[in-house]
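Next come the chains, spelled out residue by residue.
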Amino acid sequence: MKQNATLDWSPSSWRQKKAIQQVDYTDEEHLSSVLSNLNQFPPLVTSWEIEGLRTQLAEAAAGRRFVLQGGDCAESFEDCRVELIKNRLKILLQMSVILIYGLKMPVVRIGRFAGQYAKPRSASTETRDGVSLPSYRGDNINAPEFTQEARVPNPDRLLQAYYCSAIQLNLVRALADAGFADLHNADNWNLSFAQEAPYIESYHKIIQKIHKALDFAKIVSDHPIGGLGRVQFFTSHEALHLPYEEVFTRDVAHKNAIYNLSTHLPWIGKRTLFNDSAHVEYMRGIRNPIGFKIGHDMAPSDLTALVRNLNPLNDPGRLMIITRMGASKIADSLPQLIDAIQRAGLNVLWVCDPMHGNTETAAGGIKTRKFGNILAELECVIDMHARMKTVLGGVHFELTGEDVTECVGGASGVEECDLNQRYHSTVDPRLNVSQSLEMALKIAQKYQDFDIS
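Residues numbered from 1 in each chain as written. Predicted model: local features only at pLDDT ≥ 70, side-chain atom pairs only at ≥ 80, totals over all residues. Heavy atoms only, no water.

Honestly, the pattern of salt bridges in this entry has me stumped. Any pointers?
Pairs can form between side chains of opposite charge whenever their charged atoms are close. For the structure shown, the criterion picks out 27 salt bridges. Between Glu-51 and Arg-287 there is a salt bridge, with its nearest N and O atoms 2.7 Å apart. Taken as a pair, Glu-51 in helix α2 (residues 47-61) and Arg-287 in the loop between α8 (278-283) and β9 (290-294) lie far apart in primary sequence, 236 residues in all. There is no split in this pair, since Glu-51 and Arg-287 are both buried. Ionic contacts of the salt-bridge type, sharing partners, join the residues Arg-112, Lys-119, Lys-367, Arg-369, Glu-398 and Asp-428 into one network. (Salt bridge = Lys/Arg side-chain N within 4 Å of Asp/Glu carboxyl O. Helix = DSSP H or I, 4+ residues; strand = E, 2+ residues; numbered from the N terminus. Buried < 20%, exposed > 50% of the residue type's maximum accessible area, 1.4 Å probe, protein only.)

Just checking my understanding: could you explain the packing of helix α10 (residues 330-344) against helix α11 (residues 371-387) for this structure?
A pair of packed helices is characterised by two quantities: the angle between their axes and the separation of those axes. Relative orientation of the contacting elements α10 and α11 amounts to 35°, with a least axis distance of 10 Å. Crossing hand, α10 versus α11: right-handed. Residues Ile-330, Ala-331, Leu-334, Pro-335 and Ile-338 of α10 touch α11, and the partners they reach there are Glu-377, Cys-380, Val-381, Met-384 and His-385. Considered class by class, the residues forming the contact of α10 with α11 number eight nonpolar, one polar and one charged. (Axes fitted to C-alpha atoms, helices over the stretch in contact; angles between N-to-C directions. Left-handed = near helix turned anticlockwise from the far one by under 90°. Contact = heavy atoms within 4.5 Å. Nonpolar A, V, L, I, M, F, W, Y, C, P; charged D, E, K, R; others polar.)

Which parts of the structure should I look at to understand the pairing of strand β1 (residues 66-71)?
Two faces, one strand: in a regular strand the side chains alternate between the faces of the sheet. Among the six residues of β1, six are classified as buried, and the element is accordingly described as predominantly covered. Of the two faces of β1, the one holding Phe-66, Leu-68 and Gly-70 and the one holding Val-67, Gln-69 and Gly-71 are both buried throughout. Bridging between β1 and strand β2 (residues 107-112) involves six bridges; their strand directions are parallel. Bridge pairing links Gly-70 to Gly-111 in β2. You can see the chain leave β1, run along helix α3 (residues 82-103) and come back into β2, and the turn it takes is right-handed. Examined bridge by bridge, β1 and strand β14 (residues 392-398) share five bridges and lie parallel to one another. Within the sheet, the bridge partner assigned to Gly-71 lies in β14 and is Glu-398. (Pairing = 2+ DSSP bridges. Right-handed = clockwise from strand over helix to strand, strands pointing away.)

Explain the sheet that holds strand β5 (residues 233-238) to me, please; I cannot follow it from the model alone.
Adjacent strands of a sheet pair through backbone hydrogen bonds, lying either parallel or antiparallel. An order of β1-β2-β5-β8-β9-β10-β11-β14 is seen for the eight strands of this closed barrel, with the pairing classed as parallel. Neighbour-to-neighbour, the strand axes of the sheet open up by a mean angle of 25°, direction not taken into account. Sheet topology note: the strand β8 (residues 265-268)/β9 ladder contains two bridges and is parallel. Bridge pairing links Trp-267 to Gly-291 in β9. Those strands touched by α10 are β9, β10 (319-323) and β11 (349-352), and its axis lies near 165° from that of β11.

Is there a simple way to explain the environment of Thr-272 in this structure?
Along the chain, Thr-272 turns up in the loop between β8 and α8. Once the C-alpha coordinates of Thr-272 and Lys-293 are considered, the two residues, 21 residues apart in sequence, prove to be 9.5 Å apart. Sequence-distant contacts of Thr-272, that is, excluding residues within four places in its chain, are made with Ile-20, Gln-21, Glu-238, Leu-240, Ser-277 and His-279.

I keep staring at the side chain of Gln-21 and nothing clicks. Help me out?
Tracing the backbone shows Gln-21 in the segment before α1 (28-39). From its side chain, Gln-21 meets the backbone oxygen of Arg-121 in a polar contact 2.9 Å long. Residues within four places of Gln-21 in sequence aside, it is in contact with Pro-120, Arg-121, Arg-137, Leu-240, Arg-271 and Thr-272. (Polar contact = N/O pair within 3.5 Å; in protein donor to acceptor, adjacent residues only side chain to side chain.)

In this structure, what is going on with the nonpolar core? I would like to understand it.
Inside soluble globular proteins, nonpolar side chains tend to come together where they are buried. Core analysis: the biggest nonpolar cluster contains 106 residues, and Leu-38, Phe-292, Leu-303, Trp-350 and Phe-397 have the highest contact counts within it. With eleven residues, the single largest contributor to this core is α3. With residues near it in sequence (within four places) discarded, Leu-303 still touches Phe-292, Ile-294, Met-298, Ile-321, Leu-337, Ile-341 and Trp-350. Leu-53, Leu-265, Ile-322 and Leu-349 belong to the second-largest nonpolar core, a separate cluster that totals twelve residues. (Core = buried A, V, L, I, M, F, W, Y, C linked by side-chain atoms within 4.5 Å.)

In this structure, what is going on with the state of the cysteines? I would like to understand it.
Disulfides are covalent bonds that connect the sulfur atoms of two cysteines. By the definition in use, this model includes zero disulfides. Here Cys-164 stays free of any disulfide, with the sulfur of Cys-80 as its closest cysteine sulfur at 4.0 Å. Since its relative accessible area comes to 7%, Cys-164 is described here as buried. Of all cysteine sulfurs, the one in Cys-352 lies closest to Cys-380, which takes part in no disulfide; the gap is 9.0 Å. (Disulfide = S-S within 2.5 Å.)

Would you mind going over helix α12 (residues 433-447) with me for this structure?
Given 3.6 residues per helical turn, the α-helix brings residues three or four places apart onto the same face. Taking 1.5 Å per residue as the helical rise, α12 with its 15 residues ought to reach 21 Å, and the 22 Å between its terminal C-alpha atoms agrees with that figure. Counting buried residues in α12 gives eleven out of 15 residues, a clear majority hidden from the surface. Buried within α12 we find Val-433, Ser-434, Gln-435, Ser-436, Leu-437, Glu-438, Met-439, Ala-440, Leu-441, Ile-443 and Ala-444. The backbone nitrogen of Ser-434 lies 3.2 Å from a side-chain oxygen of the residue at the head of α12, namely Asn-432. (Expected span 1.5 Å × (residues − 1).)

Below is the structure:
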């Protein structure tokens, strides 16, 4: 029997369960043809990379690493450009260096990229000025423009999603192998428009201290410090479009296991996480490490049942629980869930997503998030895990390497009246570069006070 498979599971057994947030295609024959083509395409990631991530996530759950998961709420095909990809990597590198310095441990970098093209929606249709059209569900399904032609689900967009994912992964791997992430070249990670941002000077002081430490170590050892020129970036996305995920679910003979080879870490969103869910059924059979997002309404008994279903062997590094509850609800909801997992002796990696529970609507109907609420939820979660003697193993942010005005607050001074200036997200608001750097510094300072003067 496969390492991860059970007698009653197959890559298509999800089709016998309740599947929501799926797409109503007008031409099923066209969809089948596209999926058949995708089934012949090379995988986007390898089983070796996936196994490496499992090992690192197990170490994060034990408090020996820290996970930084971040990227776009929903990727767009238009953003598959060199500078935008580089900028996203730069902000993840900058944040990870701050966390490494402050937490004194390695950081696992997981991007919400190279596959984050589908998004769940609250309603199947959107109405403007009395006209109703299908909701925008992400670039691999339809387009954001409010026209009948743009909103009709088009199977060919799945092909474009694959090509864009492959292009991004190719560039990310090339940069990671070619010294782009070398700490000696950290000044090259600077984003030109962010040089006057608050907290940028604190970041530069950290880099200077790291450079001095590296120079000292080199002198003492009389040899170059190895391993600094290359880092790993893992990919993740919400495994929402199940037919797409199924075609990349491959039997890897030399591993005697079945993997989703479209991404390293697929996750289940809160909307599709329920009893007898098709998404849960699909995820329980693949070998990948997987995540799932829970809100304040998750019952402890449901959580432990879900963990046992998705990780029956209780393997470390298999499951990431991503909490997203909101600053006003986290203190009342999370302790009982942590306690239930502790009492059951279940191996999980706790990660905090302080973004999604704090989404609100500003004047004019624009979706936004307040930096103060995001930080408040995160600090509460850190305190809670410390008090309960459990490990918060990582954070999950929607962020961008661009100078956007989508979230309000923080030292960058974005206010509600600024939201229309550079609001580029097609779905949810993201932290900009300045807010992301500030958030990383706040996390590091929360865990361990350090002097950056």
